[in-house]
Amino acid sequence: MATYNGSKFIKEQIDSILCQLSMDDELVISDDHSTDETFDIINSYNDSRIKFYFNSRRKGCTHNFEHALMHASGDYIFLADQDDVWLPHKIETMVDFLVSGNYDLVMSNCILVDERLSIIKNPFFDESCPMKRSILSNLYRCACLGCCLVFTRKALNVFLPFPEKVVLHDLWIYLVAIINLKCGYCNDALMLYRRHQDTVTFAGKKNTNSLLFKIRYRLYVFPHLIWRSLKYRFTNI
């Protein structure tokens, strides 16, 4: 989980995750130098399963997630936003789906809600499998929600490290995965995906970046994607 000034909703999210974890699991939280009560709320749990890392200076959303991933030690890794709510059995359902299909990465469906958890759209994904969209289609507009992902440690080792200037961690992880790994889609809606005016991540917000920025960004990502894919293929021959 990556956090930043998330005190308004974070307790609800942490509670929804901890109740699904065994004593051998962990919740890795990287905080991007919050200035509200986020730090105090996390520390109030006094739960050995929570591994908390506080950034001495801002990393930004994407590299804050990267920092959390670098400290993950589990066999199966989930990404979590600070303001969503996981529904019961999300972990069990997704791990079972991943293992039974021998997948490296799985994305689930979710339910779009407002800040009071009133339903806006259920389910969020209308398509039977949004992961069937092409690489070029995803470069134009990513079909992936990072908060709906689970992946293996093998997959994590392919994603890391992120390129220095990657803006969307979801896009990087997803593109690397669909090119190089076995991916699956679970159509069960397993999470309340909360959108509100203070949302830190880009999903659900109007994209205000210029056309020139969008083109430059994709031209930056594409060669990194090719190089990472070649590196993975040649090291796994």
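Report follows, based on the coordinates.

Here is what the cut-offs are and how they apply
- Residues numbered from 1 in each chain as written.
- Predicted model: local features only at pLDDT ≥ 70, side-chain atom pairs only at ≥ 80, totals over all residues.
- Heavy atoms only, no water.
- Helix = DSSP H or I, 4+ residues; strand = E, 2+ residues; numbered from the N terminus.
- Rg over C-alpha atoms; globule rule 2.2 N^0.38 Å.
- Contact = heavy atoms within 4.5 Å.
- Areas by Shrake-Rupley, 256 points an atom, 1.4 Å probe, with all protein chains shown as cover.
- Lys, Arg positive; Asp, Glu negative; His and termini not counted.
- Charge placed at Lys NZ, Arg CZ, Asp CG, Glu CD.
- Core = buried A, V, L, I, M, F, W, Y, C linked by side-chain atoms within 4.5 Å.
- Buried < 20%, exposed > 50% of the residue type's maximum accessible area, 1.4 Å probe, protein only.
- Pairing = 2+ DSSP bridges.
- Axes fitted to C-alpha atoms, helices over the stretch in contact; angles between N-to-C directions.
- Disulfide = S-S within 2.5 Å.
- Expected span 1.5 Å × (residues − 1).

**Re the overall build of the protein chain**
What the protein chain contains, in helices and strands, is eight helices and nine strands. Relative to the globule expectation of 18 Å for 237 residues, the C-alpha radius of gyration of the protein chain, 17 Å, shows essentially globular dimensions. For the protein chain, the C-alpha atoms occupy an extent of roughly 45 × 40 × 35 Å along the three principal directions. The contacts of the protein chain with a sequence gap of at least 6 include a subset with a gap of at least 24, amounting to 76%. Carbon together with sulfur atoms contributes 54% to the accessible area of the protein chain, which is approximately 12300 Å² in total. Taken together, the 27 basic and 27 acidic charged side chains of the protein chain have centroids lying 10 Å from each other.

**Looking at the nonpolar core**
Ranked by size, the top nonpolar core spans 67 residues in total, and within it Ile 14, Leu 27, Leu 69, Phe 151 and Phe 159 carry the most contacts. With seven residues, helix α7 (residues 169–180) is the largest single contributor of residues to this core. Among all residues touching Phe 159, those that are not within four sequence positions of it are Leu 105, Phe 151, Trp 172, Ile 173, Val 176, Ala 177, Leu 181 and Arg 228.

**Some points on the sheet that holds strand β2 (residues 27–31)**
An order of β1-β2-β3 is seen for the three strands of this open sheet, with the pairing classed as parallel. Of all strands in the sheet, those bounded by a partner on one side alone are β1 (2–3) and β3 (50–54). Across the face of the sheet, helix α1 (residues 10–18) comes into contact with β1, β2 and β3 while running at roughly 160° to β2. Sheet contacts for helix α3 (residues 61–70): β1, β2 and β3; angle to β2, the most-contacted strand, approximately 145°.

**Topic: the state of the cysteines**
By the definition in use, this model includes zero disulfides. For the unlinked cysteine Cys 110, the closest cysteine sulfur is that of Cys 148, found at 3.8 Å. On the accessibility criterion, Cys 110 (0% relative accessible area) is buried.

**As for α7**
If you check α7, its first and last C-alpha atoms are 17 Å apart, about what twelve residues at 1.5 Å a residue would give, namely 16 Å. Burial analysis of α7 places ten of its twelve residues in the buried class, the great majority of the element. Of all the residues in α7, the buried ones are His 169, Asp 170, Leu 171, Trp 172, Ile 173, Tyr 174, Leu 175, Val 176, Ala 177 and Asn 180.

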